[in-house]
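Structural overview for review
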Amino acid sequence: MTTLTTRAGFDAFRDRMCDYYGQLPDGLGNQHLHVEQALLGPDEYFTYRLDGEGHHIVYDPRQTSGLMVRQFLGIYATFTEDPIRDGVGNAYYEAKTANMREIWEIILNEIDRTQDPEGVMDHVLDLLQQACAKSAATAA
């Protein structure tokens, strides 16, 4: 895979999205978003469909990130996810430092990979509690 073919694949997908969203009736772009990770072909950044349950995007983490596909879709449509993913996305954009944005992106990618927002956040909370306990023990 070369950058040129990957870019050409992305450009072709963007053109299809522009054509598709140019034909949507009012309000149809205002749907729930379902995002998953999967290994796709060499020129596929992500796949997309819109049905009665909302937007469905599957992206290849080797090619792009969940944040990038959400930003791309956000250009064309309004969407909501579950409260945890929405909160993680908001935290990413509100983060003051690159390190914090990187942490939030890792968390969002793990949620997309596992499709278990509550489980991922429980694990993050456990890790933070362990780090706090270790820090307190070291300080004592």
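Scroll up to find the structure this text is about.
A brief structural summary. Only a predicted model underlies this, so the values are computations on that prediction, with no experimental measurement involved.

**A short note on the packing of aromatic side chains**
On inspection of all chains with the given rule, the structure shows one aromatic pair. On the basis of an interplanar angle of 90° and a centroid distance of 5.0 Å, the ring pair of Tyr92 and Tyr93 is categorised as edge-to-face. Given a relative accessible area of 17%, Tyr92 falls into the buried group.

**A short note on the sheet that holds strand S1 (residues 31–37)**
Across a sheet, paired strands are connected by hydrogen bonds in the backbone, their directions being either parallel or antiparallel. Ordered by their spatial adjacency, four strands build an open sheet running S2-S3-S1-S4, and the pairing between neighbours is mixed. What marks the edges here is a single partner per strand, and that holds for strand S2 (46–51) and strand S4 (79–80). Sheet strands in contact with helix H2 (residues 66–76) are S1, S2, strand S3 (54–59) and S4, and its direction is about 140° off that of S3.

**Observations concerning a negative patch on the surface**
A grouping of Asp116, Glu118, Asp122 and Asp126 is seen on the molecular surface, where their side chains present a negatively charged patch. With respect to the helices, strands and loops of the structure, Asp126 is situated in helix H5 (residues 117–139). When its relative accessible area of 38% is taken as the criterion, Asp126 is described as partly exposed.

**Considering the pairing of S1**
As judged from the two bridges shared by S1 and S4, these two strands associate in the parallel manner. Its bridge partner lying in S4, His32 is registered against Thr80. When S1 meets S3, the two strands line up parallel, connected through five bridges. Residue pairing for S3: Val35 is matched across the bridge by Ile57.

Cut-offs applied
One numbering rule holds for all chains: residues counted from 1, following each sequence as written. pLDDT decides what is reported in this predicted model: residues at 70 or higher carry local features, side-chain atom pairs at 80 or more are listed and counted, and totals for whole chains, interfaces and linings draw on all residues regardless. The side-chain quantities take in all heavy atoms of the structure and omit both hydrogens and water. Centres within 6.5 Å make a pair out of two Phe, Tyr or Trp rings, where for Trp the six-membered ring is used; the pair is then stacked when the planes are under 30 degrees apart, edge-to-face when over 60, and tilted otherwise. Working definition: with a 1.4 Å probe on protein chains only, accessible area under 20% of the residue-type maximum means buried, over 50% means exposed, and in between means partly exposed. Whether two strands pair comes down to DSSP finding at least two bridges between them. A run of H or I in DSSP becomes a helix once it reaches four residues, and a run of E becomes a strand once it reaches two; helices and strands are each numbered from the N terminus. Any two residues whose heavy atoms approach within 4.5 Å are treated as being in contact. For helices, the fitted axis covers only the stretch in contact; all axes are lines through C-alpha atoms, and the angles between them, taken along N-to-C directions, range from 0 to 180 degrees. Here, patches come from residues exposed beyond 30% relative accessible area and free of salt bridges, joined within 9 Å for like charges and within 5 Å for nonpolar side chains (Val, Leu, Ile, Met, Phe, Trp, Tyr). All accessible areas in this document rest on Shrake-Rupley with a 1.4 Å probe, and a residue is counted as covered only by the protein chains that are shown. When a carboxyl oxygen of Asp or Glu is within 4 Å of a side-chain nitrogen of Lys or Arg, the pair counts as a salt bridge. When charges are counted, Lys and Arg contribute as positive and Asp and Glu as negative, whereas His and the chain ends are disregarded. The atom standing in for a charge is NZ when the residue is Lys, CZ when it is Arg, CG when it is Asp and CD when it is Glu.

These values are about where atoms sit, not about what they do.
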